[in-house]
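Spelled out, the chains give:
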Amino acid sequence: MKIGKDLVAAAATPMVLGILAEGESYGYAILQRVSELSDGELKWSDGMLYPLLHRLERLGHVEAHWGVSPTGRPRKQYRLSAGGEAAFAEQRRQWTVVSQALQQVWTDRGDRSAFALGGAGA
Amino acid sequence: MTDDPGLEEQIAAWRAFVARRDAIASGDVDELEDHLRDEVAGLTASGLSGDEAFLVAVKRLGGLDELSREFAREHSERLWKQLVMSESAEPTTRSRALPLAVGLAVGAAVAVKVPALFGIDVSTDGDFYGRNLVVIVLPFLAAYFLVRRRATLATIAVVAVPFVVAAVVLNAYPFVPDAATLVLATLHATVALWIVTGIAYVNGDVRSSRARMDFIRFTGEWFVYFVLIALGGAVLTGLTMAVFGAIGLDAGTLVEEWLVPCGVAGAVVIAGWLVEAKQSVVENIAPVLTKLFTPLFTLLLLAFIVAGLLQGSLIESSDAAPEVFGQRDLLIVFDIVLLVVVGLLLYALSAREPLAPASWFDRLQLVMVAAALAVDLIVLVAMIDRIAEYGASPNKLASLGLNVILLANLTGAAWLQFRFVTGHAPYERLERWQTGYVPVYLAWTAIVAIVFPPVFGFA
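Residues numbered from 1 in each chain as written. Chains lettered and ligands numbered in written order. Predicted model: local features only at pLDDT ≥ 70, side-chain atom pairs only at ≥ 80, totals over all residues.

1. A closer look at the overall build of chain A
Let me state the cut-off plainly: Numbering of helices and strands runs from the N terminus, with a helix taken as a DSSP run of H or I at least four residues long and a strand as a DSSP run of E at least two residues long. Buried residues are those with 20 or more other C-beta atoms within 10 Å of their own C-beta, exposed residues have 12 or fewer, and partly exposed residues lie in between; C-beta atoms are placed from the backbone. Working definition of a contact: two residues with C-beta atoms, positioned from the backbone, lying within 7 Å.
Scanning chain A from terminus to terminus reveals four helices and three strands. When its helices and strands are written in sequence order, chain A yields α-β-α-α-β-β-α. Counting only residues that meet the buried cut, chain A has 23% of its 122 residues in that class. Taking the contacts inside chain A whose residues are at least 6 apart along the sequence as the reference set, 49% of them involve residues at least 24 apart.

Printed below as a string of structure tokens:
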């Protein structure tokens, strides 16, 4: 299965905010986590994460600072700011509504599909 | 850290390659390299050889063109997006920019001389040129952007209509001779049409705060280039006079009728082209200029406030103290000072890396804004005082309106700057405040140009 480009783009921001809500992290680890959470289905070019992180930083949703990786290289760490918490909560509310609505329309359809299948294609 | 020398070499080569992209700053390359190394380590651990892991990791990072475009979109202050987006995709358009700019510059220079065909010369009808120069010249700069951005018809119409309105207002209104409202209308129409040219610059994308910021940045750099060209032009003019004077010919008419008006018209377009074409040159000048002049203007404002306090009364004209603000000239001077302060603020804003943390310079700017705010309040009180005493005139009302607008702008700027310096608000809020203010300038200048003359009987 390949998730459409627009859906990936739309999901990227809430996904990253959600992961950072779990705690401070950095680029590679964030992508690992995305892959882990979505069983590798939700993915985009690795590099694209960084402009997204920088945008969130500019908007004040995340704070960044340079730390050091275990091997001694510089590593840019990101964490959610107070404003980011609010943005995350807001995104979460919106996505919950969307996902519940979708679930509902699918279950409704599922109930009827036994006898509606013939007409549904028209 | 890997001990594989081959891999280190490959990463170094990759780094150098990525660093060549203007939109990707060196800090970003560090960040991407950290990512690349993690990825390589992960892949090696799952059994790939160093070479294979490197190739896969680079591939997963994504296409460099796409990546640098994405970085440019986010960090448009590093490289304006038009350049990266349209020109890396179509390398040929860049080479067409120069002929287009030269053609339009020549067109502007010729257009300035067209009225001469009908017997309207600069020397005899300076008044005609004074009021129409903007309407004649700026359309060529706007046309340059409209062509370069391949604007839609709707955008072209949105840009063209204000120019037509301005031409009608400035020429068809029955101004009395030496009307103050004509001078006001001309000045304000100039600013309004400049902002309209900005609509062409951003290709109709007027809602985007980043596009507006790009235009503000363009304005600052265009001004620098225009001044540079004007300096060169002044040298050329002086030499022309001197050379012809040496052989007993008076070049005065040539200079006055041709060199200066055509030169100014052409320079407006050429400066616009230069800003886009030679961006990296000025990019280095803008921060230097703001860092140089922000402290100086802060000193000027503070010195003025202190001097005013020492002189005694700033506003009230007592018998002993000189009436500092009584004179109209002084009020206008301070309007200009405040305008320059806002200009400096915008210029600094446009040259700044938005993600950088607050520094001494931001604190200094806060001092400047606070000082300007104090001066603005003093000027405002003096103005209202004068209007109450002598009645309203178009000049006074225009100054008053400008002052109120600047006061509101500086108040918001001071508050947000304070929040930013104390770490309570991201820099982006400041940016949005100033870009959100652009329509206010447009509305006010349009009102002064269009509504003031009939209200004051075209006097």
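2. Side note on the overall build of chain B
Within chain B one finds 19 helices and zero strands. Looking at chain B as a whole, 35% of its 459 residues are labelled buried.

3. Some points on the confidence of the model for chain B
Residues and elements named next belong to chain B. Here is the rule: Within a predicted model, pLDDT stands for the predictor's per-residue confidence, ranging from 0 to 100.
Averaged over chain B, the pLDDT score is 83; the fraction of residues at 70 or greater is 88%. When the elements of chain B are averaged for pLDDT, helix α5 (residues 81–89) gives the smallest value, 40, and helix α18 (residues 438–450) the largest, 93. For the stretch residues 80–92, pLDDT sits under 50, and the model shows 15 contacts to residues farther than four places along the chain or on other chains. Segment residues 317–325 is flagged for pLDDT under 50; beyond a separation of four residues in sequence, or across chains, it makes 19 contacts in the model.

4. Things to note about the sheet that holds strand β2 (residues 62–68) of chain A
All names here are of chain A. Defined as follows: Two strands are said to pair when DSSP picks up at least two bridges between them.
On the basis of which strands lie adjacent, the open sheet formed by three strands has the order β1-β3-β2 and antiparallel pairing. One side of each edge strand has no neighbouring strand; the edge strands of this open sheet are β1 (25–26) and β2. Across seven bridges, the pairing between β2 and strand β3 (residues 74–80) is antiparallel. Opposite V68, over in β3, you have P74 as the bridge partner.

5. Points about the packing of helix α15 (residues 360–390) of chain B against helix α16 (residues 394–421) of chain B
All names here are of chain B. Selection criterion: Each axis is a line fitted through C-alpha atoms, and for a helix only the stretch in contact is used; angles between axes span 0 to 180 degrees, taken between their N-to-C directions. If an angle is under 35 degrees, it is roughly parallel; if it is over 145, roughly antiparallel; if it lies from 65 to 115, roughly perpendicular; otherwise it is oblique. Crossings are sorted by hand: turned counterclockwise from the far helix by less than a right angle, the near helix makes the crossing left-handed, and turned clockwise it makes it right-handed. Three categories are distinguished: nonpolar for Ala, Val, Leu, Ile, Met, Phe, Trp, Tyr, Cys and Pro, charged for Asp, Glu, Lys and Arg, and polar for the others, with Gly belonging to the last.
Close contact between α15 and α16 brings their axes to 9 Å; oriented N to C, the two are set at 155°. By the angle class used here, α15 and α16 are roughly antiparallel. Between α15 and α16 the crossing geometry is left-handed. Grouping the constituent residues of the contact of α15 with α16 by class yields 18 nonpolar, five polar and five charged.

6. Focus on the interface of chain A and chain B
With 21 residues of chain A at the contact, the number on the chain B side is 23 residues. Sorting the residues of the side of chain A that touches chain B by element identifies α2 (27–37), α3 (49–58) and β3 of chain A as the ones contributing at least two each. Per-element tally for the side of chain A that touches chain B: the top contributor is α3 of chain A, with six residues. Class assignment for the residues of the side of chain A that touches chain B results in six nonpolar, eight polar and seven charged.

7. Describing unusual backbone geometry
All names here are of chain B. Look at R150: it is not a glycine, yet its phi comes out positive at around 50°. Mapped onto the fold, R150 is located in the loop between α7 (126–148) and α8 (153–172). Although it is not a glycine, N203 adopts a positive phi angle of roughly 55°. For N203, the position within the fold is in the loop between α9 (180–201) and α10 (209–246). The exposure class assigned to N203 is partly exposed, which follows from the 18 C-beta atoms found within 10 Å.

8. So, helix α2 (residues 26–45) of chain B
To keep it simple, the criterion reads: The span expected for a helix works out to 1.5 Å for each residue beyond the first.
Its 20 residues place the ends of α2 of chain B 28 Å apart at the C-alpha level, agreeing with the 28 Å of an ideal helix rising 1.5 Å per residue. Listing the buried residues of α2 of chain B in full gives D28, E31, L32, H35, L36, R37, D38, E39 and V40 of chain B. Where α2 of chain B is buried, its residues contact α2, α3 and β3 of chain A together with α1 (5–19), α3 (50–61) and α4 (64–74) of chain B. Immediately downstream of α2 of chain B, the backbone of G47 of chain B shows phi near 110°, a positive value.

9. Overview of the confidence of the model for chain A
Residue and element names in this part refer to chain A. Across chain A, the average pLDDT comes to 84, with 89% of residues at 70 or higher. For chain A, the element scoring lowest by mean pLDDT is helix α4 (residues 82–120), at 79; β1 scores highest, at 91. Overall, residues 118–122 carries pLDDT values under 50, and its contacts beyond four positions in sequence, including any with other chains, amount to zero contacts.

10. Considerations on the nonpolar core
Rules: One nonpolar core equals one set of buried Ala, Val, Leu, Ile, Met, Phe, Trp, Tyr and Cys residues connected by C-beta atoms within 7 Å.
Within the largest apolar cluster, 88 residues are counted, with the highest numbers of intra-cluster contacts made by A108, Y144, A185, V269, L345 and A372 of chain B. Sort the elements by how many residues they give to this core and α9 of chain B lands first, with 12 residues. Setting aside residues up to four positions removed in sequence, A108 of chain B forms contacts with V137, F140, A265, G266, V268 and V269 of chain B. Formed by 31 residues, the second largest nonpolar core is a distinct cluster that contains L17, Y26, Y28 and L31 of chain A.

11. Focus on helix α13 (residues 285–310) of chain B
End to end, α13 of chain B covers 37 Å across 26 residues, agreeing with the expected 38 Å (1.5 Å per residue, within 8%). What α13 of chain B keeps buried is the set T290, T294, T298 and L301 of chain B.

12. Some points on the pairing of β3 of chain A
The sheet contact formed by β1 of chain A and β3 of chain A spans two bridges and is antiparallel. Bridge pairing in β3 of chain A links S25 of chain A to Y78 of chain A.

13. Remarks on the environment of L430 of chain B
All names here are of chain B. Take L430: it is sitting in helix α17 (residues 427–436). Assessed through the 23 C-beta atoms surrounding it within 10 Å, L430 is described here as buried. Separated by 11 residues in sequence, L430 and R419 place their C-alpha atoms 9.4 Å apart.

14. Considering the environment of Y144 of chain B
All names here are of chain B. By the secondary structure assignment, Y144 is in helix α7. Overall, Y144 belongs to the buried group, with 27 C-beta atoms counted inside 10 Å. For Y144 and A200, which are 56 residues apart along the polypeptide, the C-alpha to C-alpha distance reads 8.6 Å. Other than its neighbours up to four places away in sequence, Y144 contacts L100, A101, L104, V269, G272 and W273.

15. Some remarks on the environment of H75 of chain B
One can find H75 of chain B in the loop between α4 and α5. Take H75 of chain B: there are 22 C-beta atoms within 10 Å of it, and that puts it in the buried class. Excluding anything up to four places from it in sequence, H75 of chain B contacts H54 of chain A together with A23 of chain B.

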